[in-house]
Amino acid sequence: MDSQFMIIIGILLGSTIRYTVPILYAALGGLITEKAGVLNFALEGLMLAGAFFAYYGNLVTGSILVGVLCALAAGALTGLILSISILKYKASQLVMGIGINIFYLGLTGYFFRIIGSSGAETMVDDLLGSIHIPLLEDIPLIGVLFEQNILVYLLVVLVIFTARFFNKTTIGLNLKAVGENPYAAAAVGVDVIKNRTLAIVVGSMLAALGGGVMTLTMARVFLENMVNGRGWIAFTAIILGRYSSKGVLIGCLVFGAATALSDIVQIVGIDIPYQAALMVPYIITIVALVLSVGGGNAPAALGARYDRE
Amino acid sequence: MSSFDSSLSRRILRMRILVTGLAVVVAFLLGSALVALAGINPLTALRYLFSGALGTRHGIGETLTRFIPLFLATLSFAIAMKVHFYNVGIEGQIALGSLGALLVGVYVTGLPAPIHILLCLTASVVFGILWLSVAGFLRFRFGANELLTTVMLNYIAIYLIDILVETVLKDPNSLINQSQKIAATAKLPRIMEGTTVHLGLVFAAIVGFIVYYYVWRTPGGFELRAVGANSKAAKYAGINPAKLIIIGMIISGGLAGLGGGLNLLGYQSRWVSGTFLGYGFDGIGAAVMGQYHPLGMAFSALLFAIIRVGGGAMQRSVGVPYPLVHALQGIVIIAVIISAYFIEKRTEKMTKGGQ
């Protein structure tokens, strides 16, 4: 193995992680919502909201933490609006998702232009520092995995926790119950509306944080429509991952790796139109959807309207 | 009895229009609050919105020009929804429809105008259908969820056209990445002097009527609606759901493609790399607002066209950033879908009260 090859592998691994992390946050958020029986079509808009408000919070205060909190707050607020309209006013989950997505496409672009910022002077200046894990970071090839920022490590913990959460904790089991059969769950005293609201709000916060990761640690600046379909890719990753957090992790990694690969193709100078490289994640998504069909494993009451008797 | 029924249904219709109108007013109030956040007087902004879109002959022309592809997008989404096919890929089908019209409009020459136009539009319809068929094929052959495949196909369509326009279709005499203009014989004639309104408006109106007639007034349309309402019962009645879903899909893709074709032949005349029309996404919102009925959707498509043109006027006159248009459309969609709940409750009450 020559050193050039090693360097390329290193870059590939590093950018795979960078591309995977925002999608994985959103997909985990979507997974929690869907486990409780509600489809979250608003992941795209939630990511955009998180991306903008994290950027803005950081811009105003100079604190990454405030940026993260702003993204979470935007997610929680949107999650509440989604919960009320879907659970109380029986709004279609798809239509609410479309509405939220169009709304945030507009709102974030509108606010971004109002604050009148563009270009380098408004960049997030203090990149979230990376935390080096001693010894492990020196391992050849995969050392890059152990010099990530705290939001990446937090995500690893979240993936592990989510798996346990749904199988071992009361709240997790209740969420699953209202996703499988809300009427049966209600009959044994589980509050369907409360549990679903919790799932939607927490899920929306995670999706928004995924967007926040994009501005705080990747682009360092907000760009209009910068999420560009990643929310939908996250949505697909949930199906590919057959509604388990481990599966969702693998699904997101596939997209991350594909995007990273299409980057490398451009960097090493293979002469194709840049749009062809940009298409890759979407084509991969379709191929993956076709290959994954048949397994299913979706919560039984996913997407169905719930009317309290 | 029947006169009583019709008076009740008239009252319900009036109530629906009233509540929906109220939701739109609430949405505009919220939009005004956003304008105020920018330090701009919302009343001034609103005045520019409406005067820009409706106050002048030119403005009305701009609004009607945008109405054409928007209205066809609403019809496309509604037909697909009738058979429970979630066509979120209208944006891509409009782009492909534009491409079809562009190819025939630029590279086929020497035809008399009407024939050239019809050939272009046929190409746009076929391209729209073919692009949606990709999602249709994946659903019927592999069971892949069409909502997601059509979303992905949107991105792929737009990148695909840009690649073509920057390479094989690039205008050799142009410095920027754009296609050649379509031939003069392919251009749809303007129908309102001093404006951009073109013959496509007439096409859109006729197509809207045909769709209405087919879905609500023919046995075929009845079967289509039956499948959407209850596919199991429809099966018992001897209706083949798969066949009707395919019919709905073909009409949906064709309508979206036609919208793209009309817009290209009547308004754009060429494709510039990086173009994002957005009619497909807006059309879905407008279809929801119009409650999937051609007449309701004509109104909502018109409202969305007004917001678009008025949004441009607000930006030029008082500096309201253009993306407010999308924020406002999002609020309108959410307000209208929530108002549907109150309409449902109220309708229940009115029907019960009448018995």
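The structure contained in this document is the topic of the report that follows. (Residues numbered from 1 in each chain as written. Chains lettered and ligands numbered in written order. Predicted model: local features only at pLDDT ≥ 70, side-chain atom pairs only at ≥ 80, totals over all residues. Heavy atoms only, no water.)

On to the overall build of chain B. When helices and strands are tallied, chain B shows 13 helices and zero strands. Of the regular secondary structure in chain B, the N- to C-terminal order runs α-α-α-α-α-α-α-α-α-α-α-α-α. In terms of overall size, chain B behaves like a compact globule, its C-alpha atoms giving a radius of gyration of 21 Å where 355 residues would be expected to give roughly 20 Å. Dimensions of chain B, computed from C-alpha atoms along their principal axes, come out at roughly 70 × 60 × 35 Å. Out of the 355 residues in chain B, the part that is buried amounts to 54%. Summed over all atoms, the accessible surface of chain B reaches about 15,100 Å², with 67% contributed by carbon and sulfur. (Helix = DSSP H or I, 4+ residues; strand = E, 2+ residues; numbered from the N terminus. Rg over C-alpha atoms; globule rule 2.2 N^0.38 Å. Buried < 20%, exposed > 50% of the residue type's maximum accessible area, 1.4 Å probe, protein only. Areas by Shrake-Rupley, 256 points an atom, 1.4 Å probe, with all protein chains shown as cover.)

To continue, consider the pattern of salt bridges. Pairing is possible between side chains of opposite charge, provided their charged atoms come close. Per the stated rule, a full pass over the model turns up eight salt bridges over all chains. Its salt-bridge partner being Asp307(A), residue Lys90(A) comes within 3.7 Å of it at the nearest N-O pair. Here Asp307(A) lies in the segment after α11 (274–292) and Lys90(A) lies in the loop between α3 (64–88) and α4 (93–114), a separation of 217 residues in the sequence. A residue is classified by how much of its surface remains accessible, and Asp307(A), at 31% relative accessible area, is partly exposed. The partner of Arg66(B) in a salt bridge is Glu62(B), and the shortest N-O contact between them spans 2.8 Å. Placement of the pair is Arg66(B) and Glu62(B) together in helix α3 (residues 57–82), with a separation of four residues, close to one helical turn. Among the residues examined, Arg66(B) registers a relative accessible area of 15% and is labelled buried. (Salt bridge = Lys/Arg side-chain N within 4 Å of Asp/Glu carboxyl O.)

Residues and elements named next belong to chain B. Looking at the secondary structure, you find Asn 87 in the loop between α3 and α4 (90–107). Given the relative accessible area of 0%, Asn 87 is considered buried. One polar contact links the side chain of Asn 87 to the main-chain amide nitrogen of Gly 89, over a distance of 3.0 Å. Side chain to side chain, Asn 87 and Ser 252 meet in a polar contact 2.9 Å long. (Polar contact = N/O pair within 3.5 Å; in protein donor to acceptor, adjacent residues only side chain to side chain.)

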